[in-house]
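This is what each chain is made of:
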Amino acid sequence: MEIERKFLTGTIPDLTEYKYHEISQAYLCTSPVVRIRKEDDNYYMTYKSKGMMAREEYNLPLTKESYEHLLPKADGNIIAKKRYLIPYNNYTIELDVFEGVFDGLIIAEVEFPSVEEAESFKAPEWFKEDVTYDGKYHNSYLSSLKIKED
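Residues numbered from 1 in each chain as written. Predicted model: local features only at pLDDT ≥ 70, side-chain atom pairs only at ≥ 80, totals over all residues. Heavy atoms only, no water.

A.B. asks: Provide a residue-level description of the environment of Arg5, including the pertinent values.
C.D. replies: Residue placement: Arg5 occurs in strand 1 (residues 2-9). Look at Arg5 and you get buried, because its relative accessible area is 13%. For Arg5, the side chain forms a polar contact with the main-chain oxygen of Ala118, separated by 2.8 Å. (Helix = DSSP H or I, 4+ residues; strand = E, 2+ residues; numbered from the N terminus. Buried < 20%, exposed > 50% of the residue type's maximum accessible area, 1.4 Å probe, protein only. Polar contact = N/O pair within 3.5 Å; in protein donor to acceptor, adjacent residues only side chain to side chain.)

See below:
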């Protein structure tokens, strides 16, 4: 079970001291969500059920070759981002700084062990709008947007 909240941010902290992952992901299906992801030198296929804050999530390992075989079969935009890992109290903020067609978009995510903890979470001041229940901030939705190329 994945339980997470998502936020847009204001002025973000200096990121130079935090570790990050380079992520590239694409969607084979958005209902249900079936995603392939390259995270640094690791590859995964993920299934996510419907839901906003809490939903089922299953990750299966892929090889580089299987990821590259599936990538041309994906629909829509490839999502590219750096995911910074920022400790905050007992949690880790996953700060996604998008690149490519979504350059400039920044979304903070925090995962929780329970719905109760998620609902009682006190966000840092640099978090602004809570977009947990706004589907347009799901990566699967972003992948399906028609982007005008200049």
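There's more to say after this.
A.B. asks: Residues and numbers for the layout of surface pockets, please.
C.D. replies: Empty space among the atoms can be located by rolling a probe the size of a water molecule over them. For the largest pocket, the calculated volume is near 290 Å³. Of all the elements in the fold, those that place two or more residues in the lining of the largest pocket are strand 1, strand 2 (20-30), strand 3 (33-39), strand 4 (42-48), strand 6 (57-62), strand 7 (75-88), strand 9 (106-111) and helix 3 (139-144). Looking at the lining of the largest pocket residue by residue, the class counts come to three nonpolar, six polar and 14 charged. Each pocket or cavity is described by its volume, and for the second largest pocket that value is around 180 Å³. Taken together, 14 residues make up the lining of the second largest pocket; nearest its centre are Thr30, Val33, Arg55, His138 and Ser140. (1 Å grid on protein atoms, 1.4 Å probe; cavity = no way out; pocket = protein on both sides within 12 Å on 5 of 7 lines; lining within 4 Å. Points joined across faces, edges and corners; volume = space filled by probe spheres on them. Nonpolar A, V, L, I, M, F, W, Y, C, P; charged D, E, K, R; others polar.)

A.B. asks: Which residues make up the environment of Lys136, and what values go with them?
C.D. replies: If you trace the backbone, Lys136 turns up in the loop between strand 10 (127-130) and helix 3. In this view, Lys136 contacts Tyr141 and Leu142; residues no more than four positions away in its chain are not counted. (Contact = heavy atoms within 4.5 Å.)

A.B. asks: Hey, could you go over the packing of aromatic side chains for me, with residue numbers and the actual values?
C.D. replies: Considering all chains together, one arrives at 10 aromatic pairs under this definition. Aromatic side chains Tyr43 and Tyr67 sit 5.2 Å apart centroid to centroid with 50° between the ring planes, which places their arrangement in the tilted category. In this pair, Tyr43 sits in strand 4 while Tyr67 sits in helix 1 (residues 64-70), placing the two residues 24 residues apart along the sequence. Take Tyr43: its relative accessible area is 10%, and that puts it in the buried class. Exposure remark for Tyr67: the relative accessible area of 4% places this residue in the buried category. Seen from their ring centres, Tyr88 and Phe121 are 5.9 Å apart, and the 75° between their planes marks the pair as edge-to-face. (Phe/Tyr/Trp six-rings, centres within 6.5 Å; stacked < 30°, edge-to-face > 60°.)

Keep in mind these numbers describe shape, not what the thing actually does.
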